[in-house]
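# Close look at the chain arrangement
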Amino acid sequence: MTDFDSTLRSLRVWDTDLPGFAPETAPTEPLPLFHDWFVAAARAGQTEPHTMSLATVDEDGRPDVRTVMLHGADERGWHFASHESSAKGRQLAARPEAALSFYWPVQGRQVRLRGPVTTGTSREAYDDLHARTTGALASALVGHQSEVLGSAEELARASEAAWERAQAEPEAHSPTWTLYVLQPSEVEFFQGDERRRHVRLRYRREAGAWVRELLWP
């Protein structure tokens, strides 16, 4: 057995006390429950609870996934941002649907969403970028996301120039920066159980209203 195999088989999940979840007490819409679970995960010490997996599909129907940051969750939907010229931006332009997944192992919880994606206004994109750190602005000013990089030195030069500009011009903007909003048609809340009696509550939009249903684990 290789080190990889032995390490993989030695790992355990949810080696902690897990919270309970009574789905019959859940709200009629998914957003309030997401807010509650998000805050609970952060307060329980979950590292970077605002990171999530974003899955898209390219023009050939091939799936793609990466980790991005949540920028907000409100009545409009779940917000994230990127360059419209990036791989994810091009994929969303061609096929404006996506899936999101949050995993908070400190509480054995997952939240999964999928639905259509729309773009915000240019003003919203500007406000989104400038509500973040100087480093985030510098990264956006570098641009060229998902393009082939010639060398590490080329990146270092571009990054240094972008940092200098971000510090000297805090109002600078990247014209390709775009705010995206996923309006879910389905949201699933998963609560792990140490006896594997996991609780899965799915919200499904039907005729303009939310339908709640339990799923087998």
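All figures in this text were calculated on a predicted structure; none of them were measured in a lab.

## Considerations on the environment of Gly72
Within the secondary structure, Gly72 is located in strand E3 (residues 72–74). Of the residues examined, Gly72 reaches a relative accessible area of 21% and is grouped as partly exposed. For the pair Gly72 and Asp128, spaced 56 residues apart in sequence, the C-alpha separation works out to 9.8 Å. If we skip the residues at most four places from it in the chain, Gly72 touches Gly77, Trp78 and His79.

## Brief notes about a nonpolar patch on the surface
Together, Phe4, Leu8 and Leu11 make up an exposed nonpolar region whose accessible area comes to about 340 Å². Considering the arrangement of structural elements, one finds Leu8 in helix H1 (residues 3–10). The exposure class of Leu8 is partly exposed, given its relative accessible area of 44%.

## Brief notes about helix H2 (residues 30–43)
Taking 1.5 Å per residue, 14 residues should reach 20 Å; H2 reaches 20 Å between its end C-alpha atoms and fits that length. Every buried residue of H2 is accounted for by Pro30, Leu31, Leu33, Phe34, Trp37 and Ala41. The buried residues of H2 all sit within an arc of 160 degrees when viewed along its axis, so they share a single face. Away from the buried face of H2 by more than 90 degrees, exposed residues Asp36 and Arg43 are located. Gly45, located one to two residues past H2, shows a positive phi value of around 95 degrees.

Here is what the cut-offs are and how they apply
- Residues numbered from 1 in each chain as written.
- Predicted model: local features only at pLDDT ≥ 70, side-chain atom pairs only at ≥ 80, totals over all residues.
- Heavy atoms only, no water.
- Helix = DSSP H or I, 4+ residues; strand = E, 2+ residues; numbered from the N terminus.
- Buried < 20%, exposed > 50% of the residue type's maximum accessible area, 1.4 Å probe, protein only.
- Contact = heavy atoms within 4.5 Å.
- Patch = residues over 30% accessible without salt bridge, like charges linked within 9 Å, V, L, I, M, F, W, Y side chains within 5 Å.
- Areas by Shrake-Rupley, 256 points an atom, 1.4 Å probe, with all protein chains shown as cover.
- Salt bridge = Lys/Arg side-chain N within 4 Å of Asp/Glu carboxyl O.
- Expected span 1.5 Å × (residues − 1).
- Arc of directions from axis to C-beta.

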